[in-house]
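Notes for the structure review
Read off the chains here:
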Amino acid sequence: MARQRILSGIQPTGDLHLGNYLGALRNWVDLQKDYDCFLFMADLHAITVPHDPTVLAENTYKTAAIYLAAGIDVDTVSTIFVQSHVTAHSELGWLLTCITPLNWLQDMVQFKEKAIRQGEKVGAGLLCYPALQAADILLYEPDKVPVGEDQKQHLELTRDITIRMNDQFGTPDDPVLKMPEPMIRKEGARIMSLTDGSKKMSKSDPSDLSRINLLDPPELIQKKVKKCKTDPARGLEFDNPDRPECHNLLSLYMLMSNQTKKAVAEECREMGWGQFKPLLAETIVEGLRPIQEKYHEIRGDEGYLESVLQRGQEKANAIAHQTLSKVKQAMGYTIPS
Ligand code: AMP
Ligand code: TRP
């Protein structure tokens, strides 16, 4: 039987952080055992908030190099590519925008949160972005879409858009689009901010102290862990709703040290913050060290990165174009030969 396919992406806005790694990237690396993986840098999504053209391309390359450094294997089962290099994304994005009811988009939590921050200047792209995300996914007919918890609503919307397209333009025996399934792992699906355990760790938080970036040098990681928010209670424990920071930091330690929850709960039960914080910082530094080393090696050879992205574009383009043609035909467009 043919291997199943996964598709996922990360926006190349700013630096990737531990939330991106534990919620998405690290899972993709594991999933390569069982799936063919299509992974991309969502640079069309990166302009839904005001952006700086002088850093857009650099951030895209940086993100690609981090995928490779984390263990995405483009020589065997994985394809990485830049979203804007495959024009079918914009085109299918438009077709899907036109069949998506406005109120579905207005209900998206991420839109509401980001729109509030931008006030009156908010662009229409921020509203339409989930229809573009649906296009990103549906073009590749993936079986599973591995993402963090925050993307669950966008995945549900993608499924609703699929039903609508198939109802309006397909037949039960010949659906236009293949229904994708989200894949959200419980552990690591929602890493919280270091400065507020009730908010997710995010690239858009104005404070850099709220997150650990994958390329932060060891001294900076130590400083961020030292300064992170804690509480005055004695002993450390998981799952106490009154202690969200404690739960988050123990979870980070558990994930970065590859231990079970039970083992970490026992090891840390009697610890104070003064003992735990250096242990956590060291574990993160050591966990990220090989990725950082590999990253710098990859960035030393831009020709290699270029060739990976070119191969990725060719493979992605071939698949994406087929799906796009099918949708256009179903919607009544002629396809020039
Ligand atoms: P973004 O940075 O918004 O492009 O997110 C890229 C991927 O990382 C998506 O699969 C997100 O669900 C995941 N992600 C982002 N922030 C977090 C977080 N704090 N915890 C877990 N996963 C996250
Ligand atoms: N919207 C996602 C995020 O902000 C990134 C993304 C864009 C994505 N297109 C995608 C993730 C398709 C999975 C599949 O995190």
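First, a word on what this report is: a plain description of the structure on this page. (Residues numbered from 1 in each chain as written. Chains lettered and ligands numbered in written order. Predicted model: local features only at pLDDT ≥ 70, side-chain atom pairs only at ≥ 80, totals over all residues. Heavy atoms only, no water.)

As a further point, take the site of ligand 2. Close to ligand 2 lie 14 residues; Gln11, Tyr129, Gln133, Asp136 and Gln151 are nearest. Contacts to ligand 2 include Tyr129, whose side-chain N or O atom sits 2.6 Å from a nitrogen atom. A distance of 3.1 Å separates an oxygen atom of ligand 2 from a polar side-chain atom of Gln151. Protein coverage of the free-state accessible area of ligand 2, which is 360 Å², stands at 91%. Counting residues per element, the ones that place at least two in the shell around ligand 2 are strand 1 (4–10) and helix 6 (124–138). No other element matches the four residues that helix 6 contributes to the shell around ligand 2. Considering only residue class, the shell around ligand 2 consists of seven nonpolar, six polar and one charged. (Near = heavy atom within 4 Å. Polar contact = N/O pair within 3.5 Å; in protein donor to acceptor, adjacent residues only side chain to side chain. Areas by Shrake-Rupley, 256 points an atom, 1.4 Å probe, with all protein chains shown as cover. Helix = DSSP H or I, 4+ residues; strand = E, 2+ residues; numbered from the N terminus. Nonpolar A, V, L, I, M, F, W, Y, C, P; charged D, E, K, R; others polar.)

Inspection of every chain in the model, using the stated rule, returns 18 salt bridges. For Arg243, the salt bridge identified is with Asp231, shortest N-O distance 2.8 Å. Residue Arg243 is found in the loop between helix 8 (218–227) and helix 9 (244–257), and its partner Asp231 is found in the loop between helix 8 and helix 9; the two are separated by 12 residues along the sequence. Since its relative accessible area comes to 5%, Arg243 is described here as buried. Accessibility expressed as a relative area gives 16% for Asp231, which makes it buried. Overlapping salt bridges bring together Asp208, Arg211, Asp216 and Lys224 as one network. (Salt bridge = Lys/Arg side-chain N within 4 Å of Asp/Glu carboxyl O. Buried < 20%, exposed > 50% of the residue type's maximum accessible area, 1.4 Å probe, protein only.)

Attention now moves to helix 12 (residues 302–331). Here helix 12 is 30 residues long and its end C-alpha atoms lie 41 Å apart, about the 44 Å a rise of 1.5 Å per residue gives. All of the buried residues along helix 12 are Leu305, Val308, Leu309, Gly312, Ala316, Ile319, Ala320, Thr323, Leu324, Val327 and Lys328. Positive backbone phi, at 105°, marks Gly332, one or two positions downstream of helix 12. (Expected span 1.5 Å × (residues − 1).)

Before going further, it helps to examine the nonpolar core. If you look at the biggest cluster of nonpolar residues, it comprises 61 residues, and the most contacted ones within it are Leu18, Leu25, Ile80 and Phe276. Examining the composition of this core, we find that 10 residues originate from one element, helix 11 (residues 273–299), more than from any other. Setting aside chain neighbours within four positions, we find Ile80 in contact with Leu39, Ala64, Tyr67, Leu68, Ile72, Val74, Val308, Leu309 and Gly312. (Core = buried A, V, L, I, M, F, W, Y, C linked by side-chain atoms within 4.5 Å. Contact = heavy atoms within 4.5 Å.)

Remember, this is a structural readout, not a statement about activity or role.
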